[in-house]
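Residues per chain, in single letters:
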Amino acid sequence: MGRSRDSRVVWCGHSVVQSRTTLEHHEDPAVNAPAKPVVLIAEELSPATIEALGPDFEIRSCNGSDRAELLPAIADVDAILVRSATKVDAEALAAAHRLKVVARAGVGLDNVDVKAATQAGVMVVNAPTSNIVSAAELAVALMLAAARHISPAHAGLRGGEWKRSKYTGIELYEKTVGIVGLGRIGVLVAQRLSAFGMKVIAYDPYVQAGRAAQMGVRLVDLDTLLAESDFMSVHLPKTPETAGLIGADQLAKARRNLVLVNAARGGIVDEAALFDALKTGQIAAAGLDVFASEPCTDSPLFELENVVATPHLGASTDEAQEKAGIAVARSVRLALSGELVPDAVNVQGGVIAEDVRPGIPLTEKLGRVFTALAGEVAQQLDVEVRGEITEFDVKVLELAALKGVFADIVEEQVSYVNAPLLAAERGTEVRLVTEAESPDHRNLITLRGTLADGSQVSVSGTLIGISQKERLVEVNGFDLDIEPTTHLAFVTYEDRPGMVGVVGGILGEAAVNIAGMQVSRQDRGGEALVALSVDSAIPAETLAEIGTAMNATAVRAVDLA
């Protein structure tokens, strides 16, 4: 994460927050082993999902679409895995007395009450990238099918008709395709259609022209896209802004040879307007996988030969279902370990840059050290991030800091979901501060808090070297360079001779081995700080003895196990 002026660091680690749970059995492990967390599988999922969960969970199953079966089944489980048929609403959440995670093996969350889950402190996760390849490929398939009249030609052949001339189609080669929505799926479609020799233009007000140009895509406004496109593929989310975006006025501006594909969300294209445009020949053909109301089996669009339609099959591949199951299973494992879950939808942060990931475990440790030093909950907590890392979204470091701050002062397990709620409940105002300049380290993370009496506590850390070793580099204004090992202690006292020997003597008598010690002071004879890294926890009476012998103003210990 950082380096001193004379050392180099590469942010390339892939590790996330390590679980600090340890089990120490002094008797028969079989007798003392804790009960396994319970995971409820409410719908049929791929066998790979169960394999990804592993042996650390008790797996139960039920028919999630049957409320009479679901509500009692969810009462005592830690996590529930669903697809689209199970409704996890306020009623279900109220019946779940120890639920921590709702995992949707797919992208959509229409069947999960995310707001109610957040209020209940329950994490909601999905698999946002599991079906993007399948969805992109289906869009291309619909485009080809519509362009070559595959559906009516197939139906005619099955009906005993051989009418080659009736179903003369058009090539994609050297035509212009307009992508409406240049997100992940839109980009995949653009890449695939470029390989067909198509010219790609796109409409997306949230994408920079430079980014689009790097992909060989020209950004245009919607009217220009309609005017220039021979083919058009919609890849937008359904929002109040996008509902009905492609209506009668827009279709009237389109080329008469336009082939329109919608494999995104129903309602973005006005179906009545589309029917009229297809019926009158205003546009040539359409490929549809989604509809305003689903399931949909009686649309007038199905009567038209220039429409090819499928029943929302975008994610319906073996590969997508397996990816979704594996993704949410991994998220459940992380969530039940209290670790960071990148696919949680009700947690701030989102996708985590690889450059940011190595700082997450360090920041959580800084939070725990901060709490040990403060001895109370701060009224104001600033999470300061300085250096090159601020080029990326570092919001996750704020969550990591809060998780560490509250890890040792509340009974419940602290997660990236409830940590901000815990701060709010305790009146802690939290602020993320970023600064590109970092004078002494390439990157630096500081937790700085104001206590009830107005005093301040601070602790800073960085990562050094190619191996990115964690270092505490500042505590309450004292410069340090010490590894945040499992057992740490900090003693603040008036600088005078002999104090290092006093600490060593007392710890020696208590059979506590010192792994590292550093003394820091700002002025000779002024206040000083001893930072200790030891091999075992220092007993409370030993800490008290050190404090008395040194006439210390503060003695703090922290256990990072």
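A quick note: this is a predicted structure, and the numbers were derived from the prediction, not measured.

Student: Explain the overall build of the protein chain residue by residue, including any values.
Tutor: Each helix and strand in the protein chain was counted, giving 18 helices and 22 strands. Across the 561 residues in the protein chain, those meeting the buried criterion constitute 49%. Put simply, 65% of the contacts in the protein chain that link residues at least 6 apart link residues at least 24 apart. Across the protein chain, 49 positive and 74 negative side-chain charges occur, with their mean positions spaced 7 Å apart.

Student: Run through the pairing of strand 18 (residues 478–482), naming residues and quoting values.
Tutor: What you see with strand 18 is a clean split: Phe478, Leu480 and Ile482 sit on the buried side and Asp479 and Asp481 on the side with no burial. Pairing of strand 17 (residues 469–475) with strand 18, which is carried by 3 bridges, proceeds in the antiparallel orientation. Following the sheet pairing, glutamate 474 is matched in strand 18 by aspartate 479. Counted along the chain from strand 17 to the antiparallel partner strand 18, the turn is 2 residues long, and its residue asparagine 476 has a positive phi close to 50 degrees.

Student: Explain the packing of helix 14 (residues 359–374) against helix 15 (residues 395–407) to me, and be specific about the residues and the numbers.
Tutor: Where helix 14 meets helix 15, the axes come as close as 7 Å, and the angle between the chain directions of the two elements is 40 degrees. As for how helix 14 packs across helix 15, the hand of that crossing is right-handed. Facing Gly359, Ile360, Thr363, Glu364, Gly367, Arg368, Phe370 and Thr371 of helix 14, the residues of helix 15 in contact are Val396, Leu397, Ala400, Ala401, Lys403, Gly404, Val405 and Ala407. Residue composition of the contact of helix 14 with helix 15, grouped by class: 8 nonpolar, 5 polar and 3 charged.

Student: Please give an account of the sheet that holds strand 6 (residues 176–180) that cites residues and values.
Tutor: Across the sheet, 7 strands lie side by side as 8-7-6-9-10-11-12; this open sheet has parallel pairing. Only two strands of the sheet have a single partner each, and these edge strands are strand 8 (218–219) and strand 12 (307–309). Where strand 11 (residues 285–288) lies against strand 12, 3 bridges are found, and the strand directions are parallel. When the bridges of strand 12 are listed, leucine 288 appears paired with alanine 309.

Student: Please set out the pattern of salt bridges residue by residue, giving values where relevant.
Tutor: As enumerated under the stated definition, the model contains 22 salt bridges in all. In this structure, the salt-bridge partner of glutamate 58 is arginine 60, at a minimum N-O distance of 2.9 Å. Given a relative accessible area of 34%, glutamate 58 falls into the partly exposed group. Here aspartate 78 makes a salt bridge to arginine 98, at a shortest N to O gap of 3.1 Å. Taken as a pair, aspartate 78 in the loop between helix 3 (67–73) and strand 3 (79–82) and arginine 98 in the loop between helix 4 (90–95) and strand 4 (101–104) lie far apart in primary sequence, 20 residues in all. Within this structure, Glu58, Arg60 and Asp76 form a network of salt bridges that share partners.

Student: With reference to specific residues and values, describe unusual backbone geometry.
Tutor: Residue glutamate 294 is joined to proline 295 through a cis peptide bond whose omega torsion reads 0 degrees. Its location among the elements puts proline 295 in the loop between strand 11 and strand 12. For histidine 312, which is not a glycine, the phi torsion comes out positive at approximately 55 degrees. With relative accessibility at 33%, the residue histidine 312 sits in the partly exposed group. One non-glycine residue, asparagine 476, lies in the positive phi region at around 50 degrees. Of note, asparagine 476 is situated in the loop between strand 17 and strand 18. Assessed through its relative accessible area of 32%, asparagine 476 is described here as partly exposed.

Student: Requested: an account of the sheet that holds strand 15 (residues 443–450), with residues and values cited.
Tutor: Pairing in this open sheet of 6 strands is mixed, and the strands run 14-13-15-16-17-18 from one edge to the other. Strand pairing shows two members of the sheet lacking a second neighbour, strand 14 (429–435) and strand 18, which therefore form its edges. Averaged over all pairs of adjacent strands, the angle between their axes in this sheet comes to 20 degrees, without regard to strand direction. Note that strand 15 and strand 16 (residues 456–464) share 6 bridges and pair antiparallel.

Student: Kindly report on helix 13 (residues 318–336), identifying the contributing residues and their values.
Tutor: The terminal C-alpha atoms of helix 13 lie 27 Å apart, and with 19 residues this matches the ideal 27 Å at 1.5 Å per residue to within 8%. Buried within helix 13 we find Ala320, Ala324, Gly325, Ile326, Val328, Ala329, Ser331, Val332, Ala335 and Leu336. Just downstream of helix 13 lies glycine 338, where phi reads positive at about 75 degrees.

Student: Account for the pairing of strand 20 (residues 514–521), with residues named and values stated.
Tutor: Here strand 20 pairs with strand 21 (residues 527–534) via 7 bridges, running antiparallel. Looking at strand 21, one finds that glycine 516 is bridged to serine 533. Between strand 20 and strand 21, which pair antiparallel one after the other, the connecting turn spans 5 residues, and glycine 525 there sits at a positive phi close to 80 degrees.

Student: How would you sum up the confidence of the model for the protein chain? Please name residues and give values.
Tutor: Averaged over every residue, the pLDDT of the protein chain is 88; the share at 70 or more is 92%. Long-range and interchain partners of residues 2–31, a stretch whose pLDDT sits below 50, account for 70 contacts in this model, where long-range means more than four residues apart.

Student: Any details on the packing of aromatic side chains? Residues and values, ideally.
Tutor: Evaluation of the coordinates by the stated rule reveals 1 aromatic pair. Ring centres of phenylalanine 291 and phenylalanine 302 lie 5.5 Å apart, and the angle between their planes is 90 degrees; this geometry places the pair in the edge-to-face category. In this pair, phenylalanine 291 is assigned in the loop between strand 11 and strand 12 and phenylalanine 302 in the loop between strand 11 and strand 12, connecting sequence segments 11 residues apart. Classification of phenylalanine 302 as partly exposed rests on a relative accessible area of 34%.

Rules used throughout
Residues numbered from 1 in each chain as written. Predicted model: local features only at pLDDT ≥ 70, side-chain atom pairs only at ≥ 80, totals over all residues. Heavy atoms only, no water. Helix = DSSP H or I, 4+ residues; strand = E, 2+ residues; numbered from the N terminus. Buried < 20%, exposed > 50% of the residue type's maximum accessible area, 1.4 Å probe, protein only. Contact = heavy atoms within 4.5 Å. Lys, Arg positive; Asp, Glu negative; His and termini not counted. Charge placed at Lys NZ, Arg CZ, Asp CG, Glu CD. Pairing = 2+ DSSP bridges. Axes fitted to C-alpha atoms, helices over the stretch in contact; angles between N-to-C directions. Left-handed = near helix turned anticlockwise from the far one by under 90°. Nonpolar A, V, L, I, M, F, W, Y, C, P; charged D, E, K, R; others polar. Salt bridge = Lys/Arg side-chain N within 4 Å of Asp/Glu carboxyl O. Expected span 1.5 Å × (residues − 1). pLDDT = per-residue confidence, 0-100. Phe/Tyr/Trp six-rings, centres within 6.5 Å; stacked < 30°, edge-to-face > 60°.

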